[in-house]
Amino acid sequence: MAEKVLMKGNEAIAEAAVRAGCRFYFAYPITPQNEIPAYMAKRLPEVGGTFLQAESELAAINMVMGASAAGSRCMTSSSSPGISLKQEGISYISGAQLPAVVVNMMRGGPGLGNISGAQGDYFQATRGGGNGDYHVVVIAPGTVQEMADCTLKAFEIADKYRVMCMILGDGYLGQMSEPCVLPDFVKEFPAKPWALTGKTPDRKQNKIMSLKLSGIDGELNAHTKALFENYQKIQDNETMSETFMCDDADYILTGYGTCARVCKKAVKLLREQGIKAGLFRPITLWPFPAKELEAACKNAKKILTVEMSMGQMVQDVKLNCGRSVKDVDFYGEPGGIIPSVDAVIEKVKSYE
C-alpha cells in the first residue's frame, strides 16, 4: 500500500505536477497559493526541471506558451487577480491548441479583494475569461487527495486534447492539511509530433499560431469550429462528479470545493434529523456534468446550490437540472466567508 503523507493542498498540487512530468513551472507570487511556487523552487531542480519566478503574471503565462510549444509538460499558478492578468495568454494558448495546466486558488474579490478563500471566479473559469470563442477544462477538487489526483488528470487531459486545463480551488483548500497518497511518477508520455523541436528532413515544418488573418476565405471560421469539435469530444468523455445519498433525497444540495464539504456534513446531520437530503458535487465545472445532475435530482422536491460567491454555479444548475427554475434555490457568502453547516441546515428546513 502506498504511504500516506500529511500535506497542504498547495503542496499536493506541486508534488503531483512533478510526478505527472511537469518540468517547467513559471509563476509570480500571490497569496494564498504561494506554497506552490515555494515548493516548486526547491523540488524542480531535484528532478532536472526548471523553476522561474517571472517578472509578472503576463510574463509567466507567455513562458508557459513557449515551453508547451516545445512539447514540454508545463504549469503556472496564481490567484484571482493574477489569473485575470494571464487571460490574454490563456486565450492565445487555447487558440494555438497548446496543452498546459494553470492553477487558480481563488481569493475574495472583485478587484484585489482580500486573501481569504472564495469562489467568485467560476464565471471567469468556465466561460473562458479571455477574448474569443474557446473553452478551458476546469477541474474542482474537494480534498487534498483530490488536489493531487486532479492535477495528474489535468495533465493527461491537456495532452490528450491539446487544451489548457485549470485546477480551480480556493484559499482554504490550498492551506488545509490532510493525509494524501501521492501518485506514482508518470514514465510514458504521448508523442507530440506537432511540437517545435527543430525541423527534420522527414517532415514538414511545424507552425504553431492562433493568428488567422485570412478572414475572407474562412480560415479562422474553420479553425474555431475545429476547436469546438474537440471540445465536444471532451464534453462527451471527460465529465466527473460525485453523488452522495441522492437516490431517495427530497432535497439535493449542490456545491463544489470547500462548499461541497460543508454540504456533505449538512446532509449527514439532516439525515439524522429525518430529513432526506443528498449532495451532488460537480468535479468538472467545464464540461459541466449535466446528465449526471439531471439524473441525481429527478425525484427531488428542491435543489439548493451553496457557493462562496453571490451566485455563479447556480446558473449552470438551473440550466442543466431538467427542472423548473423555481425548484432551484441559492445560498451564498462572498468575500472569503465560508457558509456554515448550521445555515445550510436551516435553509433546507425552511422548505419543509
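Please refer to the structure placed before this passage.
(A) Representation of the packing of aromatic side chains within the structure. By the definition in use, this model includes seven aromatic pairs. Judged by centre distance (4.9 Å) and plane angle (80°), the rings of F228 and Y231 are edge-to-face. Here the residue F228 and the residue Y231 both occupy positions in helix α8 (residues 219-237), the gap between them amounting to three residues, near one helical turn. Of the residues examined, Y231 reaches a relative accessible area of 2% and is grouped as buried. Centre to centre, the rings of Y231 and W286 are 5.9 Å apart; their planes meet at 85°, and the pair counts as edge-to-face. Taken together, the residues span a long stretch of sequence, with Y231 in helix α8 and W286 in strand β12 (residues 284-286) at a distance of 55 residues. Through a chain of ring-to-ring contacts, three or more aromatic side chains come together here, namely Y122, F123 and Y256. One Lys or Arg, R162, reaches over the ring of W194 and ends 4.3 Å from the middle of that ring. Note that K264 overlies the ring of F244, its terminal NZ or CZ placed 5.0 Å from the centroid.

(B) Main features of the sheet that holds strand β5 (residues 100-106). Spatially, the seven strands line up as an open sheet ordered β3-β2-β4-β5-β7-β6-β12, and their pairing is mixed. Looking at which strands have only one partner, the edges of the open sheet turn out to be β3 (50-53) and β12. Looking at each pair of strands side by side, their axes are set apart by 20° on average, direction ignored. The pairing of strand β2 (residues 24-27) with strand β4 (residues 74-78) spans two bridges and is classified as parallel. Counterpart to Y25 in the pairing with β4 is M75. In the packing of helix α2 (residues 35-43) onto the sheet, the strands contacted are β2, β3, β4 and β5, and the crossing angle to β4 comes to about 145°. Against the sheet, helix α3 (residues 57-69) makes contact with β2, β3, β4, β5 and β7 (164-170), and its axis sits at roughly 165° relative to β4, the strand it touches most.

What counts, and where the lines are drawn
- Throughout, a residue's number is its position along its own chain's written sequence, starting from 1.
- Given that this is a predicted model, residues contribute local features only at a pLDDT of at least 70 and side-chain atom pairs are listed and counted only at 80 or more, while totals for whole chains, interfaces and linings are drawn from all residues.
- Remark: hydrogens and water are excluded; side-chain values derive from all non-hydrogen atoms of the structure.
- Each aromatic pair joins two rings of Phe, Tyr and Trp (for Trp, the six-membered one) with centres within 6.5 Å, and gets the label stacked for planes under 30 degrees apart, edge-to-face for over 60, and tilted for any other angle.
- Numbering of helices and strands runs from the N terminus, with a helix taken as a DSSP run of H or I at least four residues long and a strand as a DSSP run of E at least two residues long.
- Buried means the residue's accessible area, taken with a 1.4 Å probe over protein chains only, is under 20% of the maximum for its type, while exposed means over 50%, and partly exposed covers the values in between.
- Any Lys NZ or Arg CZ found within 6 Å of a ring centre and within 35 degrees of that ring's normal is scored as a charge over the ring.
- Two strands pair if DSSP finds at least two bridges between them.
- To get an axis, a line is fitted to the C-alpha atoms, and for a helix only the part in contact is used. The angle between two axes follows their N-to-C directions and goes from 0 to 180 degrees.
- Between two residues, a contact is recorded if the distance between any of their heavy atoms is within 4.5 Å.

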